[in-house]
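The lines below spell out each chain.
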Amino acid sequence: MSEVLYDQIGREYTSTRRPDPRIGAAILTALGSARSVVNVGAGAGAYEPAGRSLVAVEPSRQMIGQRPGGTSPVVQAAAEALPFEAGSFDAALAVLTLHHWSDWRSGLREMRRVASRLVIFTFEPSACARFWLTEAYFPAIVELDRSRCPMIADIARELGTCRVEHIAIPHDCADGFLAAFWRRPEAYLDPGVRARMSGFALLDPDVVARGVARLRSDLESGAWERRFGHLRSLEALDLCYRLVVTN
C-alpha cells in the first residue's frame, strides 16, 4: 500500500516535508558512532546523516525521484525484504514509515538482521487522540492510525531491550507531518499541506471536507482560539512522537 500511496502523494512532497534540524539532531545523537547506516523507507531522504556510509531503501519510484541529486545510493525495495547480507550495517534508521509497511514485525526483524543498532522515529497512535486536530476535527485519522501503526509497547516487545524518547515538536517545525502545525492551525486549511500527509490522503474526501469546514468556521468565529489558543504561548509540545533506539 505504501508504494501506491506515495506514488500518489509523493509529487512535490519536499515542498512541505523538509527535515527539521531539532528532530534531526535527536536522530543523529541516537545513531551514535555508527559509521554505516541503512535508511529503511527512506522517502525523499530526510534525516539521512552526512559524513557516513549510507544506503537508502525505498519502495516508491515517485519518492525516489524526489531525492536531491548527489545523495546516497538508493535501492528500490521493501522493508520486509531488505536485499542485504546479515550484519551489513552498523545502524538501521526508519523515520515515520512503520505505519506504511505491510508487516511491521517482519520489517523490524529485517532491520535487526542487517544492523546492530536500530533508530526508529515513529508515533504513539493512542496518544494521537489527544491532539486537538484529531480530537475535534478529524477523529477518523485516529481510527485509521490505530489500524495501521503499531503501539510503542508492541514495538518495544518486538525489539527487546531498547529505550524510548519523547520528542517534543517545535512550534515552527519544518517537517510538515500531521502534528507539525499544532500552533499554526491555519496551515491545515491549505490543501497543499494536507496533500503531503498520508493521514489525510487515506480519508474519504467528504470526511476531509467536513473537518476542514469545521476548522475554518472555528478559526473565523474565534472558537478555536477560545478552546486551544493557550497553545500559542508554547515553544514546543509533546504530542505523540517517539524515538525508539536499541543499544
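Refer to the structure above for everything that follows.
Here's a quick rundown of the structure. None of these values were measured; they are calculated from a predicted model. (Residues numbered from 1 in each chain as written. Predicted model: local features only at pLDDT ≥ 70, side-chain atom pairs only at ≥ 80, totals over all residues. Heavy atoms only, no water.)

**Re the overall build of the protein**
Okay, so step 1: Per the secondary structure count, the protein includes 12 helices and 9 strands.
Okay, so step 2: Overall, the C-alpha framework of the protein stretches about 60 × 35 × 30 Å when taken along its three principal axes.
Okay, so step 3: Looking at the protein as a whole, 53% of its 247 residues are labelled buried.
Okay, so step 4: Taking contacts inside the protein between residues at least 6 apart in sequence as the whole, the part at least 24 apart equals 71%.
Okay, so step 5: Of the roughly 10,700 Å² of accessible surface on the protein, a fraction of 51% belongs to carbon and sulfur atoms.
Okay, so step 6: Across the protein, 29 positive and 29 negative side-chain charges occur, with their mean positions spaced 2 Å apart. (Helix = DSSP H or I, 4+ residues; strand = E, 2+ residues; numbered from the N terminus. Buried < 20%, exposed > 50% of the residue type's maximum accessible area, 1.4 Å probe, protein only. Contact = heavy atoms within 4.5 Å. Areas by Shrake-Rupley, 256 points an atom, 1.4 Å probe, with all protein chains shown as cover. Lys, Arg positive; Asp, Glu negative; His and termini not counted. Charge placed at Lys NZ, Arg CZ, Asp CG, Glu CD.)

**As for the environment of His171**
Okay, so step 1: Tracing the sequence through the fold places His171 in the loop between strand 7 (169-170) and helix 9 (191-194).
Okay, so step 2: The class for His171 is buried, based on a relative accessible area of 19%.
Okay, so step 3: Leaving out residues up to four positions away in the same chain, His171 has contacts with Ala180, Trp182, Arg183, Arg184, Leu234, Glu235 and Ala236.
Okay, so step 4: A polar side-chain atom of His171 sits 3.2 Å from a polar atom in the side chain of Arg183. (Polar contact = N/O pair within 3.5 Å; in protein donor to acceptor, adjacent residues only side chain to side chain.)

**Points about the packing of aromatic side chains**
Okay, so step 1: Inspection of every chain in the model, using the stated rule, returns 13 aromatic pairs.
Okay, so step 2: Each residue in the set Phe131, Trp132, Tyr137, Phe181, Tyr188, Trp224 and Phe228 is aromatic and connected to the rest through ring pairs, giving one cluster. (Phe/Tyr/Trp six-rings, centres within 6.5 Å; stacked < 30°, edge-to-face > 60°.)

**Digging into helix 8 (residues 152-159)**
Okay, so step 1: Those residues of helix 8 that fall on the buried side of the exposure criterion are Ile152, Ile155 and Leu159. Along the axis of helix 8, the buried residues cluster in a sector spanning 60 degrees; they form a single face.
Okay, so step 2: Against the buried residues of helix 8 lie helix 4 (104-114), strand 5 (115-123), strand 6 (163-166) and strand 9 (241-245).
Okay, so step 3: Positive phi appears at Gly160, one or two residues downstream of helix 8, with a value of about 85 degrees. (Arc of directions from axis to C-beta.)

**Focus: the nonpolar core**
Okay, so step 1: Counting 54 residues, the largest nonpolar core has Ile27, Trp132 and Tyr241 as the members making the most contacts within it.
Okay, so step 2: When residues of this core are assigned to their parent elements, the largest contribution, 4 residues, is made by helix 2 (residues 21-31).
Okay, so step 3: Leaving out residues up to four positions away in the same chain, Ile27 has contacts with Tyr47, Leu93, Val95, Val119, Phe121 and Leu243.
Okay, so step 4: Within the second largest apolar cluster, 24 residues are counted, among which are Val40, Ala92, Trp101 and Ile152. (Core = buried A, V, L, I, M, F, W, Y, C linked by side-chain atoms within 4.5 Å.)

**Details of helix 4**
Okay, so step 1: Considered for burial, the residues of helix 4 that qualify are Trp104, Gly107, Leu108, Glu110, Met111 and Val114. Looking down the long axis of helix 4, one finds its buried residues gathered within 160 degrees of arc, a one-sided arrangement.
Okay, so step 2: Those residues of helix 4 that are buried are in contact with strand 1 (36-40), strand 4 (89-95), strand 5 and helix 8.
Okay, so step 3: Between the side-chain oxygen at the start of helix 4 and the backbone nitrogen of Arg105 there is a gap of 3.2 Å, and the oxygen is on Asp103.

**A closer look at the pattern of salt bridges**
Okay, so step 1: Under the criterion given, the structure shown has 15 salt bridges.
Okay, so step 2: In this structure, Arg146 engages Glu143 in a salt bridge whose closest nitrogen and oxygen atoms are separated by 3.3 Å. Here the residue Arg146 and the residue Glu143 both occupy positions in helix 7 (residues 139-148), the gap between them amounting to 3 residues, near one helical turn.
Okay, so step 3: Taken together, the shared-partner salt bridges in this structure form one network comprising Asp20, Arg22 and Asp172. (Salt bridge = Lys/Arg side-chain N within 4 Å of Asp/Glu carboxyl O.)

**Details of the environment of His230**
Okay, so step 1: If you trace the backbone, His230 turns up in the loop between helix 12 (223-228) and strand 8 (236-237).
Okay, so step 2: C-alpha separation for the pair His230 and Arg183, spaced 47 residues apart in sequence, amounts to 9.5 Å.

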